Amino acid sequence: MTGSYTDVVNLAKTLPTLWLISDARNDAALEDAIARMPHGSGFVYRHYHLENPQRSRRFAGLLPMLRDRGSVAVVADTAQTAQDWQADGVYGGFDKKRPTGLIWIATAHDAHELAAANRAGADAVMLSPVFPTRSHPDGKILGADKFRKLAQTSAIPVIALGGMNVERARTLDWPFWAAIDGLS
């Protein structure tokens, strides 16, 4: 993406609105969760608890199901890994070089990181935690109002993350959201 207004609008029209994120907690339920996701949803494969080659084999086992569901498959790894694993993109912070031909979903937790994701040319950014979450039970949350205020300053699509589930997504009234537990 070049980052122009037209590119942002076009990506926002094609970017999945719903994202499932993997980790150790939902590993056993991933196939069921993917099967229940709407066609064309997004999937972020983290699985930091596995080392290669187990990690790559687990992703390779999920990929056919994701493709059958028309899902966008993104990995929390390097652009080279994403290409080698036939993923659609990468997920993570600003240590990544702008990946050519791949979607890049950055992560942010505050206004500074959100602005950095915009400057770096990410295609979208997951802003978290919106609500209390099991991942960071004692962490500082943004809350719905602060999330919306920050997200509205972004030139790139913002995906709500952190304590999200169907009910909270309705309450937040934001077009893009992601969950670990809330979709597993």
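Here, the structure is the one placed above.
Notes on the structure in this doc start here. (Residues numbered from 1 in each chain as written. Predicted model: local features only at pLDDT ≥ 70, side-chain atom pairs only at ≥ 80, totals over all residues. Heavy atoms only, no water.)

**Digging into the environment of threonine 78**
Item 1. Mapped onto the secondary structure, threonine 78 falls in the loop between strand E3 (72-75) and helix H4 (79-84).
Item 2. Taking C-alpha positions, threonine 78 is 23 Å from leucine 18, a pair spaced 60 residues apart along the chain.
Item 3. A polar contact is formed between the side chain of threonine 78 and the side chain of threonine 81, at a distance of 3.0 Å. (Helix = DSSP H or I, 4+ residues; strand = E, 2+ residues; numbered from the N terminus. Polar contact = N/O pair within 3.5 Å; in protein donor to acceptor, adjacent residues only side chain to side chain.)

**Here we look at helix H5 (residues 111-120)**
Item 1. Within the span of H5, buried status applies to Leu114, Ala116 and Ala117. The buried residues of H5 occupy one face: seen down the axis, they fall within an arc of 160 degrees. Of the exposed residues in H5, the ones pointing more than 90 degrees away from its buried face are His112 and Arg119.
Item 2. Where the residues of H5 are buried, they touch strand E5 (103-108), strand E6 (124-127), helix H6 (143-151) and strand E7 (158-160).
Item 3. Backbone nitrogen of histidine 112 and a side-chain oxygen of the N-cap are separated by 3.1 Å at the start of H5; the cap is aspartate 110.
Item 4. Just past H5, the residue glycine 121 takes up positive phi, approximately 90 degrees. (Buried < 20%, exposed > 50% of the residue type's maximum accessible area, 1.4 Å probe, protein only. Arc of directions from axis to C-beta. Contact = heavy atoms within 4.5 Å.)

**Some thoughts on the nonpolar core**
Item 1. Core analysis: the largest hydrophobic core is formed by 62 residues, its most contacted members being Trp19, Ile105, Met126, Phe147, Ile159 and Met164.
Item 2. Of all the elements, E5 adds the most residues to this core, at five residues.
Item 3. Setting aside chain neighbours within four positions, we find isoleucine 159 in contact with Leu15, Trp19, Ile105, Ala124, Val125, Met126, Leu127, Phe176, Trp177 and Ala178. (Core = buried A, V, L, I, M, F, W, Y, C linked by side-chain atoms within 4.5 Å.)

**Some points on unusual backbone geometry**
Item 1. Geometrically, the link from asparagine 52 to proline 53 is a cis peptide bond, its omega value of 10 degrees lying close to zero.
Item 2. Structurally, the position occupied by proline 53 is in the loop between strand E2 (42-45) and helix H3 (54-68).
Item 3. Omega for the peptide link from serine 128 to proline 129 comes to -10 degrees, which places this bond in the cis form.
Item 4. Relative to the assigned elements, proline 129 resides in the loop between E6 and H6.
Item 5. The phi angle at histidine 47 is positive, at roughly 45 degrees, despite the residue not being glycine.
Item 6. With respect to the helices and strands, the residue histidine 47 is situated in the loop between E2 and H3.
Item 7. With a phi angle near 65 degrees, glutamine 86 is a residue other than glycine that sits in the positive phi range.
Item 8. If you trace the backbone, glutamine 86 turns up in the loop between H4 and strand E4 (89-91).

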